[in-house]
Amino acid sequence: MNKNDDKKYIYTATTLPIGDIVEAGTASKFYTGDWRVKKPIWNSKKCINCLTCWIYCPDSSIKLTISDIKQNIINGIDYKYCKGCGICAKECKLNAIIMEEEIK
Amino acid sequence: MIKPISSRGTIVAKTGNEIAAEAMRQIEPDVVAAYPITPATEIVQIFSQFVSDGIVKTKYIAVESEHSAMSATIAASAAGVRAMTGTSSQGLCFMWEMLYIASGLRLPIVMVEVNRAIAAPINIHGDHSDTMGARDSGWIQIYSENVQEVYDNIIQAINIAEKTQLPVLVAMDGFIISHCMEIAEIYNDNAVKLFIGEYKPTRYLLDIKHPYTLGSLDLQDYYFEHRYQVAQAMSHANKTILQIANDFNNIFGHEYHLYEKYKLDDAELGIIIIGSAAGIVKMAINELRSKNLKVGLLKVRVYRPFPREYIIKDLAHIKAIAVLDRVDSCSGAFAPLYSDVVSALYSEGITTPKVINYIYGLGGRDINIEHIKSIYNTLNKILLDKEEQYNKINYINLRK
Amino acid sequence: MAINDTITEIRWHGRGGQGAKTASLLFAEIMLRTGNYYVQAFPEYGPERMGAPVQAFNRISRQVITIHSSITSPDYIVVLDPSLLEDYNIIINGFTINSKIIINTSLSVTDIALKLNINKNNVYVVNAREISLKTIGKYIPNAPMLGALLKIIGNINLNQALNSVEKKLLEKFRNKTEVIHGNLNAISSAFNEVSR
């Protein structure tokens with residue numbers, strides 16, 4: 001439904017861009033966090049910042065920040081986009097991410 | 001003395017395939033991806049020689065199938081360059097799903113198609129079964145009667161495709177035209193390059209400053225609108241095609257319309273036909289006119305979009321019409337051209353012409369002047385109400 | 001016989017590999033370049049098969065040629081290979097009293113006329129095997145038979161014809177001048193030798 005910038009705008013055949021074109025970056029306007037059934041919980045105490053979860057996350061929902069020594073470190077999970085697929089939890093060797101039942 | 005019409009022209013003797021390759025050399029598309037198939041092989045064979053000799057700067061992609069040929073052409077066109085291909089018969093069939101993608105994505109691809117029957121039984125000769133099957137795929141279809149028309153149509157097709165943002169298929173009859181050496185006039189390279197101009201796509205995938213997604217999922221929400229857009233573009237394309245034909249005539253002195261009328265304006269009996277057999281009808285008309293028979297021809301050049309609103313004006317006064325299809329729809333009903341003509345007439349409330357359907361020339365079966373004369377003879381009987389059963393499909397030169 | 005206002009039709013009979021198609025293409029080119037005729041040249045519509053009987057066709061006219069039917073009653077029949085006469089019904093198919101037949105053979109006109117059961121005034125012979133062996137060095141009968149046809153058609157300037165053939169052959173045999181010379185010699189030899 002979200003063809004372009006405005007999610008609520010419904011195009012007609014006249015206003016719709018021709019040739020099945022969708023502007024780039026529209027995924028950022030689509031909050032897939034709505035889909036989540038199970039929620040990943042990140043434990044900063046267990047995490048060693050190996051970034052394995054960041055590599056695997058299909059929705060770019062592992063938030064990063066720069067540490068004091070200018071390295072990328074994990075800074076939590078972006079629940080706006082996280083679908084709750086559980087790949088991060090599965091891949092984390094230290095159980096620093098666990099999946100919990102989502103309570104909305 | 002055979003003289004070129006245009007001051008930019010030279011007279012040559014070339015086959016349909018040779019002249020198609022010549023047109024492609026002058027157009028010099030950025031990408032050609034093709035897979036050889038009889039009788040279209042020579043087109044890409046000759047063109048690939050131009051590439052390897054460094055005569056053209058085209059990137060030639062040798063692919064392993066027609067499906068890949070069309071896929072690569074689509075990708076190149078989407079990336080923002082002029083892309084062409086050529087095929088025939090089973091090759092076109094193998095491109096099938098990609099044809100709809102080319103039109104749905106509104107890519108101005110030009111394809112040279114050599115008409116050939118479809119197996120089984122296997123047959124390499126000319127009929128329109130291949131392109132007629134693709135008539136609803138959203139491709140503009142332009143048919144050529146002779147070698148000259150092949151050349152002129154391919155050049156015009158570039159402008160038509162880029163102006164309408166629809167893919168264009170230029171067809172010629174397999175062997176009958178593709179392998180027939182004839183006199184034609186070709187224009188100098190600069191004149192052709194000037195006519196087609198430089199390709200400037202409005203949007204293209206490799207424009208990294210303005211990125212976009214092409215070919216996303218389109219469900220109940222927008223698919224309908226997108227296909228409607230293709231249909232609308234198609235129904236508006238006639239005007240563009242006429243405009244380009246007019247420009248072409250102004251520069252090169254060769255006249256083209258959506259269809260050609262031959263002694264039709266005062267005719268009582270008319271034949272409607274597509275492709276190379278039109279020339280035979282013209283000969284028959286010349287002969288019958290000398291016997292004071294009011295006979296005429298309407299040769300469809302642009303079959304898609306079907307020139308519905310134009311054609312009816314020129315047919316309304318005809319008393320009996322034979323529509324000749326070089327394809328059988330195997331539908332239990334009538335063949336494609338007949339159905340289009342009759343629905344065009346009927347939708348405008350024109351019900352006076354008696355219209356009869358003939359199927360001819362499947363698998364390259366010969367059609368000659370005697371066959372055409374016998375059709376006019378039948379039309380004459382219909383006119384005099386001596387032929388009752390005109391509302392059935394008739395077959396020419398078939399052993400029943 | 002000069003070509004009049006109607007369409008003159010020619011049928012070539014050869015075997016795959018003998019160059020019947022090439023001869024028909026060259027003939028069309030010559031008629032365009034030397035006589036400004038409207039021309040058509042087309043092979044028998046089929047796959048190429050070495051050694052099998054093949055046909056090629058020409059149409060020549062002063063008027064634009066719009067017809068694209070097959071040729072059923074040719075004005076000239078050119079036979080590149082004498083062995084094709086074994087099944088001569090195919091060769092003389094569509095033959096009329098005005099047709100001319102030109103045959104590559106060592107036999108006489110009388111023998112051929114008898115064999116084909118046609119009037120000997122319609123028959124021309126030339127020994128294309130001998131000519132091609134002498135001029136080209138191998139048995140390729142298309143060039144001599146082309147020369148013979150040019151003579152029988154009449155009103156052809158041989159030198160102009162040879163020039164146009166040379167131009168065409170240069171496209172194909174840029175680095176083989178001996179091939180070009182051989183073929184040109186074959187054409188002119190047959191042009192002079194073909195007889196009734």
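One can find the structure itself at the top, above this paragraph.
1. What to know about the overall build of chain C
Summing up its helical and strand segments, chain C has 7 helices and 6 strands in all. Ordered by position in the sequence, the α and β elements of chain C form the string β-α-β-β-β-α-β-α-β-α-α-α-α. Scaling as 2.2 N^0.38, a compact globule of 196 residues should have a C-alpha radius of gyration of about 16 Å, and chain C matches this with 15 Å. Counting over 196 residues, chain C shows a buried share of 49%. Restricting to contacts in chain C with at least 6 residues of sequence separation, those with at least 24 account for 66%.

2. Brief notes about unusual backbone geometry
All names here are of chain B. Residues alanine 120 and proline 121 are joined by a peptide bond in cis, for which omega reads -10°. If you check the backbone angles, arginine 106 has positive phi at about 60° while not being a glycine. Mapped onto the elements, arginine 106 comes out in the loop between α5 (96–104) and β5 (110–115). For arginine 106, a count of 23 C-beta atoms within 10 Å gives the class buried. In the Ramachandran plot, glutamine 165 falls in the positive-phi region, its phi being about 55° despite a non-glycine side chain. Mapped onto the secondary structure, glutamine 165 falls in the loop between α7 (147–164) and β7 (168–173).

3. Thoughts on helix α10 (residues 278–289) of chain B
In an α-helix there are 3.6 residues to a turn, and that puts residues three or four apart on one side. Residues and elements named next belong to chain B. For α10, with 12 residues, the first-to-last C-alpha span of 16 Å sits near the 16 Å given by 1.5 Å per residue. Of all the positions in α10, only Ala278, Gly279, Ile280, Val281, Lys282, Ala284, Ile285 and Leu288 are classed as buried. Each element contacted by the buried residues of α10 is listed here: β10 (259–262), β11 (269–274), β12 (295–300) and α13 (369–383).

What counts, and at which threshold
Residues numbered from 1 in each chain as written. Chains lettered and ligands numbered in written order. Predicted model: local features only at pLDDT ≥ 70, side-chain atom pairs only at ≥ 80, totals over all residues. Helix = DSSP H or I, 4+ residues; strand = E, 2+ residues; numbered from the N terminus. Rg over C-alpha atoms; globule rule 2.2 N^0.38 Å. Buried ≥ 20, exposed ≤ 12 C-beta atoms within 10 Å, placed from the backbone. Contact = placed C-beta atoms within 7 Å. Expected span 1.5 Å × (residues − 1).

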